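An overview of the molecular structure
Okay, here's what each chain looks like letter by letter:
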Amino acid sequence: MSAANLSTSAPVTRQVVAETLREEASVWLFVVKTLIAFFLTGWIAMRLDLPAPSTAMLTTIIVANRQAGMVLAKSFYRALGTLAGATAAVGIVAAFPQQRDLFLLALSLWIGLCAGGATLYRNFKSYAFVLGGYTAAIVAIPVIENPPGVFDSATARISEVLLGLLVSGVVSDVVFPSRMRDVLRRTAREQFANFVAFVRDSTGGAIPRESMEKAHLRFVRTAVSLEDLRSSVIFEDAEARARSNHLRLFNQRFMAASTSFQSLHHLINRLKRARRDTAANLLIRLYAPLGDALDAPIEAGAAARVLLPRLAAARDTMRGNAGALRATLDDAQDLRDFDTGAALLLRFVDELHDYVDAAATLQTPRVIAGSAERVRFDRGNDFLGAGIATVRTTLTMLVLGAFWVESAWPMGSSAMLLATIFAGLFATTPNPTRVTWMVMLGYVSGMVAGFVCEFFVLTQLDGYGLLVVGVAPFLAVGLVMMMTQRFASHGLGWAMGFAYILALKNVQTYDPAHFINDAIAQVIGLGAAAVSFVVIPPAIGSAWLRRRQLARLRGQVALAAEAPLPGLRHRFESVNHDLVSQVVAQTEPGSADSRALIAWALAVHETGRALIELRHDMARRELPPTLRPYLEEALRTLSRFYEKPDAPGYLLARDAVATAIASVGEHDGVAHLLEHLHLVRMALLDGESVLAAYMPDAPLSKEIVHAS
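Residues numbered from 1 in each chain as written. Predicted model: local features only at pLDDT ≥ 70, side-chain atom pairs only at ≥ 80, totals over all residues. Heavy atoms only, no water.

This part takes up the overall build of the chain. Helix and strand counts for the chain stand at 27 helices and zero strands. Within the span of the chain, comprising 708 residues, buried residues form 57% of the whole. Pairs at least 24 apart in sequence give 79% of the contacts found in the chain among residues at least 6 apart. (Helix = DSSP H or I, 4+ residues; strand = E, 2+ residues; numbered from the N terminus. Buried < 20%, exposed > 50% of the residue type's maximum accessible area, 1.4 Å probe, protein only. Contact = heavy atoms within 4.5 Å.)

Rendered as structure tokens:
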């Protein structure tokens, strides 16, 4: 190897070694912090003489995470779920103190509803529902023979869980904390830098459809990731809480600008394919000042403040150039295409300016609370899928409860508790059967390790210090596995099975028969949860739910055409992005389902935004009575077509839009509406879009030429 090659490879080798050591250090720091929280919680619980210190200790494992913000967010929602579950348990026991059948029915229904609620969220809010379900079981089932003891049981469980959460939060936030705010800032900077660079590099002309689809996917993932990070970081950082609404506004403006950007380049692509080069080239020339304005360093902290005056100047230049460029045209269709593109381009520049302005606000040292427009990130939830989770979990609990009652099985309560935990915990995963079996394998391994630890190690030790020395190596095995991608589920099962079966308490008992019976019951409970996912498959990740989500995505056009206008832009963008991110996460990259999703997402984004802008323009001024019916018919037929796409519906929508365009041309003072209608018309006639499947056989160029 030459000296030059050696000198080149040496820095690369050092970088690889440094990254490997950094990752290993991060894993072992997580293990050490979790062990500290675990044993500190156990010591405090024993000093306070809580009934079940193991419950508090298990809590520290469940909320364990490398990032302090994740621990605090998870702890917050676990606390809410615990309080809700304990309250429900007290109410159920009070309502049916001596009717065991009704008691089990009510408890099963509550657990099922909580499991269904968990599927409606994709962050730690879902965890609050899971906790609400199995906390009710933990509180109520042990006192089924002693109803008056439910209040003491609820108080004990709340105290134990809150103690575990408090210690975990303090340890994660004090002992070498890893801050989520750094990840949030990096994600926001990357979103800003990547989008601005993509816009700058695209000013040379048309963008291939494949590149636009990949860009759209990146935009969706970035927007949803930023919202998920924001919802967690607010728990660890006061500055993030103060800037929370500004971050939402920054993200919403990004989604709006990216949608207009995609519409603009779809328009240019269509004109190029239809050989309408004159209008396309003039739009590219009109676009040019934007590229010059964005040609500045965008990695620096002051990037947004530098870009703002440049963007404002470019916008003024483009508005001035628009008239001069338009004057060079004499063909009516070229004029129509140019007017449509110029209006869309100027809308995009306004939205890009607002996005950069939001970025500049975030970069200021101080943000004044309440100074930003209030926005929210709406989610695209499927309530029928949640209903399936509710039915499955309720039936699982009823079957186990009936078996427990009829057989008088002494360990039936333990089986129900484990089934409750895992039926709710994995109801939100795309492949819960596989995950449950993997966790169960780890759980069994952890219980075997617990047997060895309890009867061969702890029996030889005395005092809490030696207990820590004896238990820590066994628990560390599971924690290390939790930090590996391949064995994460196995490690979670190992750690939970080990901590749960060990059941550490002030006066430790050593009863092998009880240990084995309890282990068998827990395995049966886990197996029941796994079987329930086979008998009633979950909606998440299924082809059925993907079809429903795709239908919901198409239905966003109806939302754009019919929903009340206040807040509609933000709602439309956020629900679209959330739906796309859900389906993308549940489909194989590059598959037919994935390609169909992205194709529909692009069509929905473009048409939906055009309809929203059309409706806003319709609402700004009084329309002639003879014109409004044609516009409303176009909105209605587009809604129906996207909800149930077929060839007849396509023809109705296409003709209704063409009729509305003709009607606008017959009225004075409403020419501004043509820009939105013409954009929708061209989207309907795009032979490379997903709508091509519903078109009659006709050359695309001829259709576009006669679009108006």
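That shown, we press on.
Turning to helix α25 (residues 647-665), a few remarks are in order. Under the 1.5 Å per step criterion, the end-to-end length of α25 is 27 Å for 19 residues, consistent within 8% with the ideal 27 Å. For α25, the full list of buried residues reads Gly649, Tyr650, Ala653, Arg654, Ala656, Val657, Ala660, Ile661, Ser663 and Val664. The opening residue of α25, the one whose side-chain oxygen lies 2.7 Å from the backbone nitrogen of glycine 649, is aspartate 646. (Expected span 1.5 Å × (residues − 1). Polar contact = N/O pair within 3.5 Å; in protein donor to acceptor, adjacent residues only side chain to side chain.)

For the pair helix α16 (residues 432-457) and helix α19 (residues 512-535), interaxial distance at closest approach is 9 Å and the crossing angle is 175 degrees. Compared by their axis directions, α16 and α19 come out roughly antiparallel. Taking contact as the criterion, the partners of Pro432, Thr433, Thr436, Trp437, Met440, Tyr443, Val444, Met447, Gly450, Phe451, Glu454 and Phe455 in α16 are, on α19, Pro512, Phe515, Ala519, Gln522, Val523, Leu526, Gly527, Ala530, Phe533 and Val534. In terms of residue class, the contact of α16 with α19 is made up of 16 nonpolar, five polar and one charged. (Axes fitted to C-alpha atoms, helices over the stretch in contact; angles between N-to-C directions. Parallel < 35°, antiparallel > 145°, perpendicular 65-115°, else oblique. Nonpolar A, V, L, I, M, F, W, Y, C, P; charged D, E, K, R; others polar.)

Attention now moves to a nonpolar patch on the surface. Taken together, the side chains of Val32, Ile36, Leu40 and Trp43 make up a nonpolar region of the molecular surface, amounting to roughly 330 Å² of accessible area. For tryptophan 43, the location among the structural elements is in helix α1 (residues 3-47). Residue tryptophan 43 is classed as partly exposed on the basis of its relative accessible area of 41%. (Patch = residues over 30% accessible without salt bridge, like charges linked within 9 Å, V, L, I, M, F, W, Y side chains within 5 Å. Areas by Shrake-Rupley, 256 points an atom, 1.4 Å probe, with all protein chains shown as cover. Salt bridge = Lys/Arg side-chain N within 4 Å of Asp/Glu carboxyl O.)

What follows deals with the environment of leucine 109. With respect to the secondary-structure elements, leucine 109 resides in helix α4 (residues 100-118). Judged by relative accessible area, which is 44%, leucine 109 ranks as partly exposed. Considered as a pair, leucine 109 and valine 391 are 282 residues apart in the sequence and their alpha carbons are 8.4 Å apart.

Moving on, we get to the packing of helix α7 (residues 180-201) against helix α10 (residues 244-273). Between α7 and α10, whose axes approach to 12 Å, the crossing angle comes to 25 degrees. Taken together, the axes of α7 and α10 lie roughly parallel to each other. You can see that α7 and α10 cross each other, and the crossing is left-handed. Where α7 abuts α10, its residues Leu184, Ala188, Gln191, Phe192, Phe195, Phe198 and Val199 lie against Leu247, Phe250, Asn251, Phe254, Ala257, Ser258 and Phe261. Partitioning the contact of α7 with α10 into residue classes produces eleven nonpolar, three polar and no charged. (Left-handed = near helix turned anticlockwise from the far one by under 90°.)

Turning to the nonpolar core, a few remarks are in order. By size, the foremost hydrophobic cluster in this structure holds 115 residues, and its most contacted members are Phe192, Phe195, Leu290, Phe348 and Leu352. In terms of residue count, helix α13 (residues 332-363) provides more of this core than any other element does, 15 residues in total. Those residues in contact with phenylalanine 195 that sit more than four places away from it in its chain are Phe219, Phe254, Ala257, Ser258, Phe261, Phe348, Leu352 and Tyr355. By size, the runner-up hydrophobic cluster in this structure holds 85 residues, among which are Ala136, Phe426, Tyr464 and Met496. (Core = buried A, V, L, I, M, F, W, Y, C linked by side-chain atoms within 4.5 Å.)

This brings us to the pattern of salt bridges. Scanning the model with the defined rule gives 22 salt bridges in all. With a closest N to O distance of 2.7 Å, glutamate 606 and arginine 270 form a salt bridge. With glutamate 606 in helix α23 (residues 592-620) and arginine 270 in helix α10, this pair connects stretches of sequence that are 336 residues apart. Here glutamate 606 matches arginine 270 in class, with each residue buried. Ionic contacts of the salt-bridge type, sharing partners, join the residues Arg347, Glu351, Arg569, Glu573, Arg609 and Glu613 into one network.

Let us look at the confidence of the model for the chain. Per-residue pLDDT for the chain averages 81, and the proportion of residues at 70 or more is 87%. Contacts for the low-pLDDT stretch residues 698-708, under 50 throughout, to residues beyond four places or in other chains number 23 contacts. (pLDDT = per-residue confidence, 0-100.)

Our next topic: the environment of glutamine 522. With respect to the element layout, glutamine 522 can be found in helix α19. A relative accessible area of 0% places glutamine 522 in the buried class. In this structure, the C-alpha to C-alpha distance between glutamine 522 and glycine 497, residues 25 residues apart in sequence, is 8.9 Å. Look past the residues within four positions of glutamine 522 in its chain and what remains in contact with it is Ser414, Leu418, Tyr443, Met447, Tyr500 and Ile501.

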